[in-house]
Amino acid sequence: GLCLLVLRVFIGVHVFLVSCALPDSVVRRFIVRVMCSVLGLLVRQSDPRLREAGTRVFIANHVTPFDHNVVSLLTSCNTPALSGAPGFICWSRGFMELGVTGSRAELVDSLKEYSAHQGNPPLLLFPEEAATNGRAGLLRFSSWPFSILDEVQPVALQVRRPLVAVSVADSSWITELLWTFFVPFTVYQVRWMPSVPRRADEQSEDFALRVQELLAMELGVVSTRITAADRTEHMKRLRHTSRLPFAPGEGPGYGTPARVLLLGGPLVPPSLPGGAPEDVRVAAMAQQVKEVLPHVPLEVIRTDLVQTDCVDTTIANLLEGRVPFFPESKETGDLPAPSTSQAAAASGIQGSVAAPSSKPATKQFAKSPVERHLSLQERKRALYDYARR
């Protein structure tokens, strides 16, 4: 792998120089495609006759940072730079600089003007706006690429390689390039689909959703409503939780519901149907646990709730010692005066414990292990009852 990496770095410099020296033509695309095969980039296409000569906008799913370079080996196209500083790096990666740094509306107007000139190559756009491994589903398509023209042609991309996963989360394009040089080969499969026109009185959002469904069916994956912003927020949350301590056998994805991000990890959706942020819901749940267990730090409670998404499970984890923490105060007298809800919780818990045991509350430590176990179960049951209320 290291030998391939070193050798292909030198070959890659020659490929870059050749692609810069030759003008865009069938000959240039053939030569660069053959040289890329030496670099381990194998490009295959199916149904090339479906690629229409009059198409002005290609719509493709996003898998790697080099999807636009791969498609440009098969047909002439340009992809506008949506992020990153303009300059040599942007140009060398094959992006088209429009000089638009404002809103999406300005970008759409600029692309409409670009597409109006028949001499310009077609546009290749990625409505997902973020790369995924493409194995689980498609991110929700943005509507602005479908506001440019009334007809688009979908392009389905699939990438596979041995040993190393495709599109590792949070990896840069340089890291992805080095892994491509390191592994023996990376196969890009490009499948052309028939053009899709806009229906009468169809909004751009509905048009984008319809094309997303067609691409998902072609790829054999699901069409999700997860956006690129959701993915970014999820990665921030993973980076934060990965720095926090966990009990043995637990981790950032331990005990979460079956919500799979397109990159292969668990997903906690950042918004609810009612429009309330997820952080508000977690904070409310954390406050419930805090009122039951006031000696547990709030940050520990919130971290475990992100994993469990359940008040009962978090209380059980804290009571049974599965989540390590340092109490905020070792002495009960050091705690601040309880709030009204805490006092109500304490009285409710004491009443729940006293009712089944028919014994007055005592601070003495039980001598028998059986009595200690029963006392613990009674306290847990009382805490569960209060948390459910």
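Look above for the structure.
Here we summarise the structure given alongside this text. (Residues numbered from 1 in each chain as written. Predicted model: local features only at pLDDT ≥ 70, side-chain atom pairs only at ≥ 80, totals over all residues. Heavy atoms only, no water.)

### Side note on the packing of helix H1 (residues 2–21) against helix H6 (residues 173–182)
Axis angle and axis distance: for two packed helices, these are the angle between their axes and the distance between the axes, and together they describe the pair.
1) Next: Between H1 and H6, whose axes approach to 7 Å, the crossing angle comes to 115°. Classified by the interaxial angle, the pair formed by H1 and H6 is roughly perpendicular. Listed contacts from H6 to Leu2, Leu4, Leu5, Arg8 and Val9 of H1 are Leu178, Thr180, Phe181 and Phe182.
2) Next: Looking at side-chain class alone, the contact of H1 with H6 contains seven nonpolar, one polar and one charged residues. (Axes fitted to C-alpha atoms, helices over the stretch in contact; angles between N-to-C directions. Helix = DSSP H or I, 4+ residues; strand = E, 2+ residues; numbered from the N terminus. Parallel < 35°, antiparallel > 145°, perpendicular 65-115°, else oblique. Contact = heavy atoms within 4.5 Å. Nonpolar A, V, L, I, M, F, W, Y, C, P; charged D, E, K, R; others polar.)

### Some details on the packing of aromatic side chains
1) Next: By the definition in use, this model includes seven aromatic pairs.
2) Next: Between the aromatic rings of phenylalanine 88 and tryptophan 91, the centroid separation amounts to 5.8 Å while the plane-to-plane angle is 45°, which identifies the pairing as tilted. Taken together, the residues phenylalanine 88 and tryptophan 91, both in helix H4 (residues 88–92) and three residues apart, mark about one turn of the helix.
3) Next: Looking at phenylalanine 88, the relative accessible area reads 55%, which means it is exposed.
4) Next: Note on tryptophan 91: relative accessible area 46%, which makes it partly exposed.
5) Next: Three or more aromatic residues joined by ring pairs make a cluster, and in this case those are Phe16, Phe88 and Trp91.
6) Next: It is arginine 51 that lies over the ring of tryptophan 192; its NZ or CZ is 5.1 Å from the centre. (Phe/Tyr/Trp six-rings, centres within 6.5 Å; stacked < 30°, edge-to-face > 60°. Buried < 20%, exposed > 50% of the residue type's maximum accessible area, 1.4 Å probe, protein only. Lys NZ or Arg CZ within 6 Å of the ring centre and 35° of its normal.)

### Quick notes on H1
1) Next: For H1, built from 20 residues, the straight-helix expectation of 28 Å at 1.5 Å per residue is met to within 8% by its first-to-last C-alpha distance of 29 Å.
2) Next: Along H1, the residues that are buried comprise Leu5, Arg8, Gly12, Val15 and Ser19.
3) Next: Turning to H1, the residues buried within the fold contact helix H2 (26–38) and H6. (Expected span 1.5 Å × (residues − 1).)

### What about the pairing of strand S7 (residues 151–160)?
1) Next: The buried count for S7 comes to seven of ten residues, which makes it a mostly enclosed element.
2) Next: Where strand S2 (residues 57–60) lies against S7, three bridges are found, and the strand directions are parallel. Of the residues in S7, the one forming a bridge with isoleucine 59 is proline 154.
3) Next: As defined by bridge partners, S7 adjoins strand S9 (residues 196–197) across two bridges and the pair is classed as antiparallel. Bridge pairing in S9 places glutamate 151 opposite proline 197.
4) Next: Here S7 runs beside strand S8 (residues 186–192); their pairing, made up of six bridges, is antiparallel. (Pairing = 2+ DSSP bridges.)

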